[in-house]
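The lines below spell out each chain.
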Amino acid sequence: MKLFWIFWGIDALVALIAIYFFVVGLADGSVSANNIMLWLLISGTLMALLAGGLYLKSAGKLLWANALLGVLAVPAFLFCLFFIVAIASGVRWN
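Now for a description of the structure that goes with this document.

Conventions and cut-offs
- Residues numbered from 1 in each chain as written.
- Predicted model: local features only at pLDDT ≥ 70, side-chain atom pairs only at ≥ 80, totals over all residues.
- Heavy atoms only, no water.
- Helix = DSSP H or I, 4+ residues; strand = E, 2+ residues; numbered from the N terminus.
- Expected span 1.5 Å × (residues − 1).
- Buried < 20%, exposed > 50% of the residue type's maximum accessible area, 1.4 Å probe, protein only.
- Contact = heavy atoms within 4.5 Å.
- Polar contact = N/O pair within 3.5 Å; in protein donor to acceptor, adjacent residues only side chain to side chain.
- Phe/Tyr/Trp six-rings, centres within 6.5 Å; stacked < 30°, edge-to-face > 60°.

**Quick notes on helix 2 (residues 36–58)**
An α-helical turn contains 3.6 residues, so any two residues separated by three or four positions project in the same direction. For helix 2, which comprises 23 residues, the first-to-last C-alpha distance of 33 Å matches the rise-based estimate of 33 Å (1.5 Å per residue) to within 8%. Buried within helix 2 we find Ser-43, Leu-46, Leu-49, Leu-50, Gly-52, Gly-53 and Leu-56. In this structure, the buried side of helix 2 is in contact with helix 1 (2–28) and helix 3 (62–89). A positive backbone phi angle near 90° is found at Gly-60, which sits one or two residues after helix 2.

**Considering the side chain of Asn-66**
By the element assignment, Asn-66 lies in helix 3. At 3.4 Å, the side chain of Asn-66 and the backbone nitrogen of Phe-4 are in polar contact.

**Points about the packing of aromatic side chains**
Counting across every chain of the model gives six aromatic pairs. Here Phe-4 and Trp-5 contribute two aromatic rings whose centre-to-centre distance is 4.9 Å and whose plane-to-plane angle is 80°, an arrangement assigned as edge-to-face. Residues Phe-82 and Phe-83 carry aromatic rings whose centres are separated by 5.6 Å and whose planes lie at 75° to one another, so their mutual orientation is edge-to-face. A relative accessible area of 44% means that Phe-82 is categorised as partly exposed. Ring-pair connections join several aromatic residues into one group, and the members of that group are Phe-4, Trp-5 and Trp-8.

Structure representation (structure tokens):
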């Protein structure tokens, strides 16, 4: 049960970051008619992952809910872990 909420929280954080960049892009004009459909597809997919995970959990299919949410949560966690190690190690990467 805790794994579900950890995955869901990571996915929600990723979705909030994507929505933040979408709103900033709307404000500065980088999100335009040329790429609005791509942004809507990305945002819709993220929302579908979150809603689908909640739906599967409420239907009693916790394993499938964890698998669905893990599709985004595991790579996002590994990405953050890589940056934490890269920043904390103090090694010059250039």
